[in-house]
Amino acid sequence: MAGIHKHIYKRRAMTKFGQEKGVGEPFRLAELLEYMRVFKGVNGKIHKSVPTTHIQLTSLLRIHPNFRFLPSDGNRGKWIYMEDEEE
């Protein structure tokens, strides 16, 4: 079993997207899905472990401590990245 190391590259790419998008900037799931589909690693090639499905990405976003789902007050279906309090 992979334990805590499961989906490490996907979580890293999600965090990088959130930081590039901007803290507190709402985004749609499709934007992050497209970002992960074409995410390039340090060697400049598309990373093989990062692309995912929208169902798996939703689950990863829900358990990640820095991502929050916005209520349906006009931003329906949008997520937000929040920076850690310690940083």
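None of the values given here were measured: they were computed from a predicted structure.

Draft legend 1. Quick look at the overall build of the chain. Check the secondary structure of the chain and you find three helices and three strands. When the helices and strands of the chain are listed from N to C terminus, the series reads α-β-α-α-β-β. Across the 87 residues of the chain, 31% fall into the buried class. Looking at the chain alone, contacts between residues at least 24 apart form 51% of all its contacts between residues at least 6 apart.

Draft legend 2. Expanded view of the sheet that holds strand β2 (residues 67-69). In spatial order, the strands read β1-β3-β2; together these three strands make up an open sheet with antiparallel pairing. Every interior strand has two partners, whereas the edge strands, β1 (27-28) and β2, have only one. One ladder, built from three bridges, connects β2 with strand β3 (residues 78-81); its direction is antiparallel. Bridge pairing in β3 links Phe 69 to Trp 79. Against the sheet, helix α1 (residues 8-21) touches β1, β2 and β3, its axis set at about 85 degrees to β3.

Draft legend 3. Here's a closer look at α1. Across its 14 residues, α1 extends 20 Å between first and last C-alpha, which sits within 8% of the 20 Å expected from 1.5 Å per residue. For α1, every residue scored as buried is listed here: Lys 10, Ala 13, Met 14, Thr 15, Phe 17 and Gly 18. Elements that come into contact with the buried residues of α1 comprise β1, α2 (29-37), α3 (54-63), β2 and β3. Among the residues trailing α1, Gly 22 stands out with phi positive, at a value near 115 degrees.

Draft legend 4. Fine view of the environment of Trp 79. Relative to the assigned elements, Trp 79 resides in strand β3. Residue classification places Trp 79 among the buried residues on the basis of a relative accessible area of 5%. Considered as a pair, Trp 79 and Arg 68 are 11 residues apart in the sequence and their alpha carbons are 5.7 Å apart.

Draft legend 5. Quick look at the pairing of β3. Bridge count between β1 and β3: two bridges; the pairing is antiparallel. Bridge pairing in β3 places Arg 28 opposite Lys 78.

Draft legend 6. Looking closely at the packing of aromatic side chains. Applying the stated criterion across every chain yields a total of six aromatic pairs. With a centroid separation of 6.1 Å and 85 degrees between ring planes, the pair formed by Phe 27 and Phe 67 is classed as edge-to-face. Placement of the pair is Phe 27 in strand β1 and Phe 67 in strand β2, with a sequence separation of 40 residues. Both residues of the pair, Phe 27 and Phe 67, belong to the buried class. Pairing Phe 69 with Trp 79 gives two aromatic rings, centres 5.1 Å apart and planes at 70 degrees, and the pair type is edge-to-face. With Phe 69 in strand β2 and Trp 79 in strand β3, this residue pair connects regions lying 10 residues apart in the sequence. Taken together, the ring pairs connect Phe 17, Phe 27, Tyr 35, Phe 39, Phe 67 and Tyr 81 into an aromatic cluster.

Procedures and definitions
Positions within a chain are numbered from 1, following the residues in the order the chain's sequence is written. Totals for whole chains, interfaces and linings use all residues, but because this is a predicted model, local features are given only for residues with pLDDT of at least 70 and pairs of side-chain atoms are given and counted only at 80 or more. Based on all heavy atoms of the structure, the side-chain values leave hydrogens and waters out of the count. Secondary structure follows DSSP: runs of H or I at least 4 residues long count as helices, runs of E at least 2 residues long count as strands, and numbering of each begins at the N terminus. Exposed residues in this analysis have more than 50% of their type's maximum accessible area, buried residues have under 20%, and partly exposed residues fall in between, with area computed by a 1.4 Å probe over protein chains only. In this description, contact between two residues means that some pair of their heavy atoms is separated by no more than 4.5 Å. Should DSSP find at least two bridges between two strands, the strands are taken to pair. Axes here mean lines fitted to C-alpha atoms, for a helix over just the part in contact, with angles spanning 0 to 180 degrees between N-to-C directions. Here the expected span of a helix is defined as 1.5 Å times the quantity of residues minus one. Planes of paired rings set the category: under 30 degrees apart is stacked, over 60 is edge-to-face and the rest tilted, where pairs are Phe, Tyr or Trp rings (Trp by its six-membered ring) whose centres lie within 6.5 Å.

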